[in-house]
Amino acid sequence: LQLLFPMSCAMLQASTPSRQARPATHNYARFISTRARARGFVRTSATASVGNSTPQQQVPASDPLNDLLACPVCFQPVQRGVGKNKAWTCASCALSYPDKGTFAEMVLESNASVDGGAEQGRGTYAEQRILGTTTFERPQVSFAYERGWRQSFSWAGFPGADREYAMASEFLETTPSGPFLDLSCGSGLFTRRFASSGKWSPVVAADFSEAMLGETAERMRAESTSGVKLVRADARRLPFRSASFAAIHAGAAIHCWPQPELCVAEVARTLKPGGMFVGSTFLTPLSRLGQFLGDDSAVAPIEQLAGDQLWGGRGEYKFWTERELRDVCARAGLKDFRCTRDQQFIMFCAVKGDPTV
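Predicted model only: the values in this text are computed from it and were never measured.

So, how was this worked out
Residues numbered from 1 in each chain as written. Predicted model: local features only at pLDDT ≥ 70, side-chain atom pairs only at ≥ 80, totals over all residues. Heavy atoms only, no water. Axes fitted to C-alpha atoms, helices over the stretch in contact; angles between N-to-C directions. Helix = DSSP H or I, 4+ residues; strand = E, 2+ residues; numbered from the N terminus. Parallel < 35°, antiparallel > 145°, perpendicular 65-115°, else oblique. Left-handed = near helix turned anticlockwise from the far one by under 90°. Contact = heavy atoms within 4.5 Å. Pairing = 2+ DSSP bridges. Nonpolar A, V, L, I, M, F, W, Y, C, P; charged D, E, K, R; others polar. Salt bridge = Lys/Arg side-chain N within 4 Å of Asp/Glu carboxyl O. Buried < 20%, exposed > 50% of the residue type's maximum accessible area, 1.4 Å probe, protein only.

1. Brief notes about the packing of helix 4 (residues 139-149) against helix 7 (residues 210-223)
Contact pair helix 4 / helix 7: the axes reach a minimum separation of 8 Å and the direction vectors enclose 45 degrees. Considered as vectors, helix 4 and helix 7 are oriented oblique to each other. Considering how the two elements wind past one another, helix 4 and helix 7 form a crossing that is right-handed. Contacts between helix 4 and helix 7 pair Pro-139, Val-141, Ser-142, Phe-143, Tyr-145, Glu-146 and Arg-147 from the former with Ala-211, Met-212, Glu-215 and Arg-219 from the latter.

2. Comments concerning the pairing of strand 10 (residues 334-342)
Across 7 bridges, the pairing between strand 10 and strand 11 (residues 345-352) is antiparallel. Bridge assignment links Arg-338 to a residue of strand 11, and that residue is Cys-349. Linkage of strand 10 to strand 11, two consecutive antiparallel strands, is achieved through a turn of 2 residues, within which Gln-343 is found at a positive phi near 60 degrees.

3. Remarks on the packing of helix 8 (residues 260-270) against helix 11 (residues 322-331)
The interhelical angle for the contact between helix 8 and helix 11, taken along N-to-C directions, is 50 degrees, at an axis separation of 8 Å. The orientation of helix 8 with respect to helix 11, classified from their angle, is oblique. Relative to helix 11, helix 8 is oriented so that their crossing is right-handed. Across the interface between the two elements, Pro-260, Glu-261 and Val-264 from helix 8 touch Val-328, Cys-329 and Arg-331 from helix 11. Across the contact of helix 8 with helix 11, the residue classes break down as 4 nonpolar, no polar and 2 charged.

4. Digging into the pattern of salt bridges
Should the charged atoms of two oppositely charged side chains come close, the side chains can pair. Within the structure shown, the criterion is met by 23 salt bridges. Its salt-bridge partner being Glu-223, residue Arg-192 comes within 3.1 Å of it at the nearest N-O pair. Of this pair, Arg-192 sits in helix 6 (residues 191-197) while Glu-223 is found in helix 7, placing the two residues 31 residues apart along the sequence. Note that Arg-232 is salt-bridged to Glu-210, the shortest N-O span being 3.8 Å. In this pair, Arg-232 is assigned in strand 7 (residues 228-232) and Glu-210 in helix 7, connecting sequence segments 22 residues apart. Look at Arg-232 and you get buried, because its relative accessible area is 1%. One salt-bridge network, in which partners are shared between bridges, spans Glu-146, Arg-147, Arg-192, Glu-215, Arg-219 and Glu-223.

Structure, rendered in structure tokens:
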């Protein structure tokens with residue numbers, strides 16, 4: 001972890017108060033609040049959208065998630081309960097998923113029907129999780145993410161959030177407006193920007209980490225960001241109906257995804273025909289040399305020889321080559337691949353084919 005995020009780890013250690021002396025600062029109080037919420041000890045009031053004070057029982061039937069969410073088992077539509085029952089229930093297989101107030105809990109392990117209750121819904125089986133997933137489930141990391149962690153990506157050539165958003169918007173300029181998914185949204189760093197653009201409606205922010213969703217909700221409330229729905233989701237089994245989104249964004253995410261080829265296939269499934277996938281990630285260290293030479297194929301033999309051992313074969317974080325990103329998009333039916341590179345930073349986009357065109 002320190003090899004991938006050298007500055008981030010130091011900042012994380014600095015941002016976590018010691019057990020012997022924990023100052024009663026405002027930021028630390030927010031950290032405790034976020035950690036408690038992520039672990040289910042604190043529940044915020046259920047709202048129709050983040051930043052809206054309307055109680056759950058007054059959520060209108062036209063809630064946009066009713067038109068987007070699907071059961072992660074059978075991909076059939078789910079509907080939110082009324083009255084005291086706030087769970088999302090699948091009419092096809094009768095499975096139900098709890099609503100946590102701040103976000104919809106739409107991952108397999110949260111199925112409320114296991115052992116007859118939402119609190120027992122996780123059961124005894126648990127998937128083995130890789131470092132790329134577990135790191136961001138920690139409340140300390142969600143707290144530190146926009147307080148130095150994400151900014152430290154500059155070592156690899158990441159240009160900063162404002163420039164990255166501008167680059168993504170340029171790629172998306174010709175994409176028609178409509179529902180938008182910020183996948184692996186983290187702290188909502190880009191969710192808030194896309195929501196404020198006015199082009200996309202609704203904007204859905206999805207992440208596997210409850211801590212990150214809690215941080216997203218707090219930051220959106222602080223900035224009075226509206227029009228966003230939060231969903232806990234597994235990128236390998238997205239809880240959305242097929243052809244739901246006009247565009248999907250995944251900033252600095254695909255290197256953390258378990259089974260990234262399956263995740264990109266899910267992105268393609270949930271995109272509308274003609275919809276665009278935009279992502280950014282880390283390239284391999286040798287990509288710097290390939291860019292300098294103007295030909296990645298010149299370093300390809302070394303990549304193949306050393307890549308699995310040094311930067312991508314251990315199931316933790318994966319450093320990518322441009323060719324691999326092109327391949328994984330093409331296998332999912334995403335075409336017209338384009339990208340912008342700088343050092344080990346790459347932002348890429350690809351479009352889902354439209355059979356009517």
